[in-house]
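An overview of the molecular structure
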Amino acid sequence: MKLPQLIDYQQAIQARSFADPALRYGTPELTPLRQPLVASGGFALTFTVNSGGQRFAVRCFHKQGARLRERYAAVAEFVQAHRVDMGFLTDVAFVAEGIRVNSGVFPIVRMPWVEGKRLDSWVEDHLHEPRRLDQVRSQVTAAAARLRAAGAAHGDLQHGNILVDGTDRIRLVDYDGMYVPALADFGASEFGHRNYQHPDRANSYGSHLDAFSACVIDLSLEALKYDPALWHDFNTGENLILEAEDFAAPARSEVFARLARIGAVAERARVLIAACQADFAAVPAILAGERVSGTGRQSTSTAKRPAGPRAVDAHNRSALMARVGDHVTIVGQVTDTRAVDGRQTRTAFINFGNWRNGAFRIVAWGGITRELEATFNQEVTALRGSWVALSGMVTQYWAQGATRPSPQIELKRVQTLRILTEAAANAMLAPPPATPPPPAPPPPAAPLPDSPPLPTTAPRGSLPRATRAHTDADDLARSLDRLYSSRRATRTPATPPTPVHQPLPVHPPPPTHHRPPVPRLSWWQRVRARWRR
């Protein structure tokens, strides 16, 4: 059965069409635009629902996942068995008949709502508090170690799946890609956030999945203690300070070069570089300080950039409407901005075309709007004409007075709105350069004049049968043509040299006979015709 999409779930959530008894009288939390509050992650869209005096995170699946019921049953059993020694995990319940959408009933995952800030937002607020950075860093490392000791792994450790509460305690959320021993035969369901994963992770699935991403987070937080400027220089809103390109080519990484100059983390950066250059199976041993030989990466296919552009053009409405519900990066030039006071809060709109005609826009409200206006003037006018980039989940909204809905992304942190040069924007919108084809093999040497012409054949299996036969005939014909038509390959009778001191005899030209030509084929033309038959 085809899964509903974002707009379908939003309508069902707003209509409170819950089949789950625990949510039957639930009320969704709404944005200032009166839409259900939603976040994207993995296979699911996460809504906030209040029901029976409790607050829940309700995950609705909009992408197909293999054997979700069995996966979440195993994860729920693991969490229940380790609640005492793994307080960073959250109870999870898979409800097969969770919500009614249109004419069907679809599964949901219900989890208690976890209070806290995403790790990246929390780090930005506490950049200059090294003790607190260190406390959170050690918790992430310990959580990954405890999971591995129990034969498990989160599978997608990254800033969006680590929440930090008011007491600096961490909680891990989003268990779509989790590995537990009972799932050993299921295979990987996702590959994790690219800015936290080893270039050759691919389809690996086991208790070692978190070793690399935990090290990336640990090293990033440790480095920020000594050089907070790394955050402003390298955080993009989709990472802490390191990105997938740094892992794929550490020798060319500006971030790793900076880390090498920080004495307290230089050696750990060197170890992470060694792990980047090794086979994924060897990563845990390398990060543990063990000497491993013969582990160079054999394939770098997953380290290459995707075939398409790194970002979606903010002016391409149709492309963005096709990505509603997905987390994407947009790049575009701001055409207009405005800020308006609503019933609940002040809302800012950063437009990339005529919003009445459904053009894409960035929306922000409340404290983010105030921060935008403090940075870019009243009504954010200083942004007009600027090239910007932003990552986030694409939603759609049909504004009053518009002829069609607009795709939009909510700005949740001003830091994540990056100002670009036009050249940088064009680079992000351009596809990667094509890989040059391998050099063609040198042509075969021409046969000697006295050598008999030999037919050449293509390597076995290199061409379809019909094409191969045609090529053989053509090759023979070309060889014969070269052999008997080439000036260099035509044999001429030898003429004895004429002494220089003797004048050349003068002979009258031979008489011209006007005889009709005889239509006769040469022997090599007959061979050529016979071969073609």
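Residues numbered from 1 in each chain as written. Predicted model: local features only at pLDDT ≥ 70, side-chain atom pairs only at ≥ 80, totals over all residues. Heavy atoms only, no water.

1. Remarks on the sheet that holds strand 10 (residues 312-313)
Here four strands make up an open sheet; going across it, the order is 10-11-15-18 and the pairing mixed. The sheet is open, and its two edges are formed by strand 10 and strand 18 (418-420), each paired on a single side. Examined bridge by bridge, strand 15 (residues 387-393) and strand 18 share three bridges and lie antiparallel to one another. Note that in strand 18 the partner of Trp-387 across the bridge is Leu-420. (Pairing = 2+ DSSP bridges. Helix = DSSP H or I, 4+ residues; strand = E, 2+ residues; numbered from the N terminus.)

2. Quick look at the pairing of strand 5 (residues 93-101)
Side chains on a regular strand alternate between the two faces of the sheet. As paired strands, strand 5 and strand 6 (residues 104-112) are joined by six bridges and run antiparallel to one another. Across the sheet, the residue bridging to Val-101 is Gly-104, located in strand 6. Hairpin geometry of strand 5 and strand 6 is characterised by an intervening segment of two residues between the two adjacent antiparallel strands and by a positive phi of about 55° at Asn-102.

3. Describing the confidence of the model for the chain
For the chain, mean pLDDT is 83; residues scoring 70 or higher make up 78% of the total. Taking the mean pLDDT of every element in the chain, the minimum, 41, falls on helix 14 (residues 465-485) and the maximum, 98, on helix 5 (residues 210-226). Contacts of residues 445-508 to residues separated by more than four positions or lying in other chains number 38 contacts, the stretch itself having pLDDT below 50. (pLDDT = per-residue confidence, 0-100. Contact = heavy atoms within 4.5 Å.)

4. Regarding the side chain of Asn-195
Mapped onto the elements, Asn-195 comes out in the loop between strand 9 (170-172) and helix 5. If we ignore the near neighbours within four places in the chain, the residues touching Asn-195 are Val-216, Glu-238, Asn-239, Leu-242, Glu-243, Ala-244 and Phe-247.

5. Examining helix 1 (residues 6-14)
Leu-6, Tyr-9, Gln-10, Ala-12 and Ile-13 are the residues of helix 1 that are buried. For helix 1, the buried positions fall inside an angular range of 170° around the axis, keeping them on one side. Just downstream of helix 1 lies Arg-16, where phi reads positive at about 55°. (Buried < 20%, exposed > 50% of the residue type's maximum accessible area, 1.4 Å probe, protein only. Arc of directions from axis to C-beta.)

6. Overview of the pairing of strand 12 (residues 336-341)
For strand 12 and strand 13 (residues 346-351), the ladder comprises six bridges, and the chain directions are antiparallel. Residue Asp-341 lies in a different strand from strand 13, and its bridge partner there is Arg-346. Turn length for the strand 12-strand 13 hairpin, with the two strands adjacent in sequence and antiparallel, is four residues.

7. Focus on the environment of Thr-46
Note that Thr-46 resides in strand 3 (residues 44-51). Exposure remark for Thr-46: the relative accessible area of 16% places this residue in the buried category. Separated by 15 residues in sequence, Thr-46 and Phe-61 have C-alpha atoms that sit 8.8 Å apart. In contact with Thr-46, not counting residues within four places along its chain, are Leu-37, Val-38, Ala-39, Ala-57, Val-58 and Arg-59.

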